[in-house]
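Chain and residue survey
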Amino acid sequence: MGSVALRNIRKSYGAVEVLHGIDLDIADGEFTVLVGPSGCGKSTLLRSIAGLETISNGEIALDGAVINKLQPKERNIAMVFQNYALYPHMNVAKNMAFSLRLAKQPKDEIDRKVRDAAEILDLAPLLDRYPRQLSGGQRQRVAMGRAIVRDPEVFLFDEPLSNLDAKLRVQMRAEIKELHQRLKTTTIYVTHDQIEAMTMADKIVVMRGGHVEQIGSPLELYDRPASVFVAGFIGSPAMNFLPAAATGGTLVTKSSVSVGKAPAGVDEGRSVIAGFRPEDLRLADSGMPAKVVVVEPTGAETQLMLRMADGDIVFTTRDRISVGPGDTVHLQIEPGKLHCFDAETEAAIRQDAAGQ
Amino acid sequence: MNETPRTLYWLALSLVGLVIAIYILFPIFWLFLASFKTQAELAALPISFWPEAPTLDAYKALFSPTHQKGQLLDWPRLIGNSFFIAISSTILVVFFGTLAGYAFARLHFPGRDLILGGLLISRMFQGAALLLPTYRLMSMIGLQDSPIGLVLLYSAFGLPFATWIIASSLREIPRELEESAMMDGASRLQSMALVVLPLATPALITAAMWHFVGAWSEFAFASILLESNENKTVTIGLASFVELFTLEFQFVGAAATIVALPIMLVFFFGQRYFTRGLLAGAVKG
Ligand SMILES: Nc1ncnc2c1ncn2[C@@H]1O[C@H](COP(=O)(O)OP(=O)(O)OP(=O)(O)O)[C@@H](O)[C@H]1O
Ligand SMILES: [Mg+2]
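Residues numbered from 1 in each chain as written. Chains lettered and ligands numbered in written order. Predicted model: local features only at pLDDT ≥ 70, side-chain atom pairs only at ≥ 80, totals over all residues. Heavy atoms only, no water.

Concerning the domain arrangement of chain B
Residues and elements named next belong to chain B. Domain annotation of chain B identifies domain 1 (3-62) and domain 2 (73-283). In this structure, domain 1 and domain 2 have C-alpha centres spaced 30 Å apart. Across the contact, 11 residues belong to domain 1 and 15 residues belong to domain 2. Buried surface at the junction of domain 1 and domain 2, both sides included, amounts to about 1100 Å², of which 76% is carbon and sulfur. (Domains from an automatic or database assignment. Contact = heavy atoms within 4.5 Å. Buried area = accessible area lost by both parts, 1.4 Å probe.)

Below is the structure:
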């Protein structure tokens, strides 16, 4: 079992508070991704769970038992570091066996566990090598091997793929996910790459400036972002935003372009931010006028950068279209795909933008 | 690519290096050769370079204690004293230097960087200025004519620099390695012993070599503190030899060779640790 509960976690370095009260529940076996921009406190939160940082306030519980005061080694949590942190003076087998040797497990038990882990991770032929003799991807796998031989209650990963090239990252992403499906160990994974978050997570925690901005499944965050920040962070290319106001039942931009029907709950005259995803737009005979600036065909889909009187927007389509720079097109937002945020607080105005 | 200028440059550089090396090493080599000559050969003209009939007589004389010109020159005893003092103080310095170096590298406490910088500055004081106060201090605690006193004194003098070397090298060892060890179930002491120290071996050996050589060849403090013959060290013995044997130079040569030998051995075996890049592959790369 490995359920994790965080209650009002606060952390200060000197006078500066970097975590402002984090609440989070992670069920046993869940793959949770912490995502957010650089400096938002992801690593700090992860290291607090590991016991490498002492928190200033709050409670960390593992399976219901508070573990605040426990040393890292008493927590039964394994961590994979961004730069792998392999012991350079030990070969792969010794690296993986280190925790088991410290736990004074019997020799044959250790050998069996190391061999099993090496089998799972394709490391069997590399057991005698030293870390300096391994490629980045292999080092990454050894770091994971070191974590899984322990059979801990929780795995922590801090941006484990950020030192790998793009292709290897995609491959390792799949391997980590497969490993999780096989071992079903509770996992908390830090990244600032939203694609990694979307593809791997059961649950995504979007953080910003030491706060939790929103928690939800990948598609929940995509379909119903709670704020402009989450809406802009999740999804690629990012959501388009236009300032608008409710006028006579429709959302109208400053330059009097009608974006769509004002959602219920948006009072007449209220200033809002209208948001719509590039993939939720379609070409129409009438609608928002926009001038084509750049056309980027990628094969499967085409991405257009468009200029409106109220700002630039991005439009992606899977159709083969014949427009070029300088042309003017008209766009409509797919029904139910218009998101609406308060102009002041940037929080979603919940009337059900997804139209369910 | 035209390789000639580079080759020439390299040759010129090597030549200059060679000249400097000969200039520095020749007197030492001369002394070394002299230790195998007989007194007659040393006195003869023209001066011979290589010993005509190499003999170990001077060394034999050195190791069979005899009264010579009123002095008891017990070389086995001197060598024993010097080894005892140099090795004990090296062990003390490396042991405490490692603990202190670790604290400077890893723990946070007020004034840490100031104190670490101060350690280095403390090396800039001239030892000579401390001779008299040290003598008074050592007599007050009754250790003025004792090898133990020198062990403590050399350790105190050597500790700042050893701490500094070790702290600098421990700082280079990524913190994540230790954090990883602690996640793996190690206590702080275990992570230090099993992860940090093996990686810091080159620095520990460098510090030990540095201190051993300094302690082995120290003269000033040993000569004012040690009075009785049975407590004296090789450097004092060597100095008195230079005074005693102005003509029988083979004895001086033999003694100098014996005194230089441990230092040469230390460098011969320790050299590779200066350049060993054990950390490769620890992080990224
Ligand atoms: N040891 C420290 N002392 C003081 N401030 C720190 C310390 N470690 C982190 N911080 C601050 O805490 C905040 C959160 O840092 P953290 O490393 O958790 O960010 P992160 O979300 O992991 O960012 P990244 O994506 O760049 O890794 C940052 O503003 C950082 O400057
Ligand atoms: Mg981080």
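Observations regarding helix α6 (residues 131-140) of chain B
Residues and elements named next belong to chain B. For α6, every residue scored as buried is listed here: L131, T134 and M138. One side of α6 holds all its buried residues, which, seen down the axis, span an arc of 65°. Exposed side chains of α6 directed beyond 90 degrees from the buried face belong to L132, R136 and M140. Against the buried residues of α6 lie α7 (147-172) and α10 (220-225). Once α6 ends, the next one or two residues include G142, with phi positive near 70°. (Buried < 20%, exposed > 50% of the residue type's maximum accessible area, 1.4 Å probe, protein only. Helix = DSSP H or I, 4+ residues; strand = E, 2+ residues; numbered from the N terminus. Arc of directions from axis to C-beta.)

Quick word on the packing of α7(B) against helix α9 (residues 188-217) of chain B
When two helices pack together, their arrangement is captured by the angle between the axes and the distance separating the axes. Residue and element names in this part refer to chain B. Close contact between α7 and α9 brings their axes to 9 Å; oriented N to C, the two are set at 150°. Overall, the two elements α7 and α9 adopt an arrangement that is roughly antiparallel. The handedness of the crossing between α7 and α9 is right-handed. Touching Y154, S155, G158, F161, A162, I165, I166, S169 and L170 of α7 are V196, A200, A203, L204, A207, W210, H211 and A215, all from α9. Class assignment of the residues belonging to the contact of α7 with α9 gives a composition of 13 nonpolar, four polar and no charged. (Axes fitted to C-alpha atoms, helices over the stretch in contact; angles between N-to-C directions. Parallel < 35°, antiparallel > 145°, perpendicular 65-115°, else oblique. Left-handed = near helix turned anticlockwise from the far one by under 90°. Nonpolar A, V, L, I, M, F, W, Y, C, P; charged D, E, K, R; others polar.)

Thoughts on empty space enclosed by the protein
Inspection of the entire model under this criterion finds six cavities of 30 Å³ or more. Put simply, the largest cavity is a space of about 50 Å³. Elements supplying a minimum of two residues to the lining of the largest cavity: β6 (77-80) and α4 (136-148) of chain A together with α8 (175-183) of chain B. Taken together, the residues of the lining of the largest cavity sort by class into five nonpolar, one polar and three charged. (1 Å grid on protein atoms, 1.4 Å probe; cavity = no way out; pocket = protein on both sides within 12 Å on 5 of 7 lines; lining within 4 Å. Points joined across faces, edges and corners; volume = space filled by probe spheres on them.)

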